Amino acid sequence: MCMVTMAHPGEKRKREDEVENCGAGDGGSSAAAEHPLSGFQLQSVLRESARDKTIFLHGKVSCKEQSADAVVILERAPFQADAVSRLLGNNPEPKLQLKNDIYSVYHLNPPPELNEVKATVIHPATEKHIKKYMRQELYLIQETGEDYRNITLPFIESQSFSIQWVYNILEKKAEEDRIVHENPDQEVGFILLPDFKWNQKQVDDLYLIAICHKRGIKSLRDLNGDHLPLLKNVLQEGQDEITLLYFGAT
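Report on the accompanying structure. (Residues numbered from 1 in each chain as written. Predicted model: local features only at pLDDT ≥ 70, side-chain atom pairs only at ≥ 80, totals over all residues. Heavy atoms only, no water.)

1. A short note on the side chain of His227
As for its placement among the helices and strands, His227 is situated in the loop between β10 (207-212) and α5 (228-246). Since its relative accessible area comes to 10%, His227 is described here as buried. Residues within four places of His227 in sequence aside, it is in contact with Lys214, Ile217 and Asp222. (Helix = DSSP H or I, 4+ residues; strand = E, 2+ residues; numbered from the N terminus. Buried < 20%, exposed > 50% of the residue type's maximum accessible area, 1.4 Å probe, protein only. Contact = heavy atoms within 4.5 Å.)

This is the structure we're talking about:
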């Protein structure tokens, strides 16, 4: 399994895997059948970022008369130019909070359609998911090939999440309507589709993911010269399709 993200520089891919049973493990085709957070009870705030306007929550959700863990990620939707114009022009009188010389700060109350909050739900969540989104110390290390084989790879194999969501996409069991390009070749082919991080409303934060049909690639460390045709194919076809679809090239 190989995934490549195509985005503007500085972005990091944030795609969450789903777990079967009470969640949308089948691809989410019945996700609208009931409210995904029915009876949600907050357990703790795992992490929050005032700068990114994002908060990570751990809670309990009723599921088939049982209570299951859930991780909910709430983030403010990015601003759009036309929405900003409406926000500043049609809203009720802004409330002044602070004024000093030429600087002033106001409180605005945007209408519901301009106050969107994106909610990513992982349910049922495992202990691994909960720990993944907790605030953690970050370290920078220099990893050798031997370190990867003896330390990192065994850790990845013991701690890895379910990647059923990847197989659902490759097998057209989920998100088929979101696919923007596919090369079906099993050696150099891939599927290209928007990542959940991107709301598909502006190209400034364009973010797509390429999932190759060739399986067995766990990380960059597994790549070698034999994979060059695959990588070059993803780069060329991916760029061509993105240019055609999102930048109006012919």
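2. Regarding the pattern of salt bridges
All told, the structure shown has 8 salt bridges when counted by the stated rule. Here Lys60 ties to Asp69 by a salt bridge, and the two come within 3.0 Å at their closest N and O atoms. Its salt-bridge partner being Lys214, residue Glu187 comes within 3.0 Å of it at the nearest N-O pair. With Glu187 in the loop between β8 (181-183) and β9 (190-194) and Lys214 in the loop between β10 and α5, this pair connects stretches of sequence that are 27 residues apart. For Lys214, a relative accessible area of 24% corresponds to the partly exposed category. It is possible to trace a salt-bridge network through shared partners that takes in Glu171, Lys173 and Arg215. (Salt bridge = Lys/Arg side-chain N within 4 Å of Asp/Glu carboxyl O.)

3. Section: α5
Three or four residues apart is the spacing at which side chains of an α-helix point the same way, because the helix has 3.6 residues per turn. Here α5 spans 26 Å end to end across 19 residues, near enough to the 27 Å set by a 1.5 Å rise per residue. Within α5, burial applies to Leu230, Asn233, Val234, Glu237, Gly238, Glu241 and Ile242. For α5, the angular spread of the buried residues around the axis is 135 degrees, confining them to a single face. Of the residues one or two after α5, Gly248 is the one with positive phi, at around 70 degrees. (Expected span 1.5 Å × (residues − 1). Arc of directions from axis to C-beta.)

4. Thoughts on the pairing of strand β5 (residues 95-100)
In terms of burial, β5 is a largely surface element, 0 of the 6 residues being buried. Strand direction decides the pairing type here: β5 and strand β6 (residues 103-107), joined by 5 bridges, are antiparallel. Bridging across to β6, Asn100 finds its partner in Tyr103. Connecting the antiparallel pair β5 and β6 is a turn made up of 2 residues, with Asp101 showing a positive phi of about 60 degrees. (Pairing = 2+ DSSP bridges.)

5. Here we look at the side chain of Glu75
Mapping Glu75 onto the fold places it in strand β4 (residues 66-76). Setting aside its immediate chain neighbours within four residues, Glu75 contacts Lys53, Thr54, Val117, Lys118 and Thr120.

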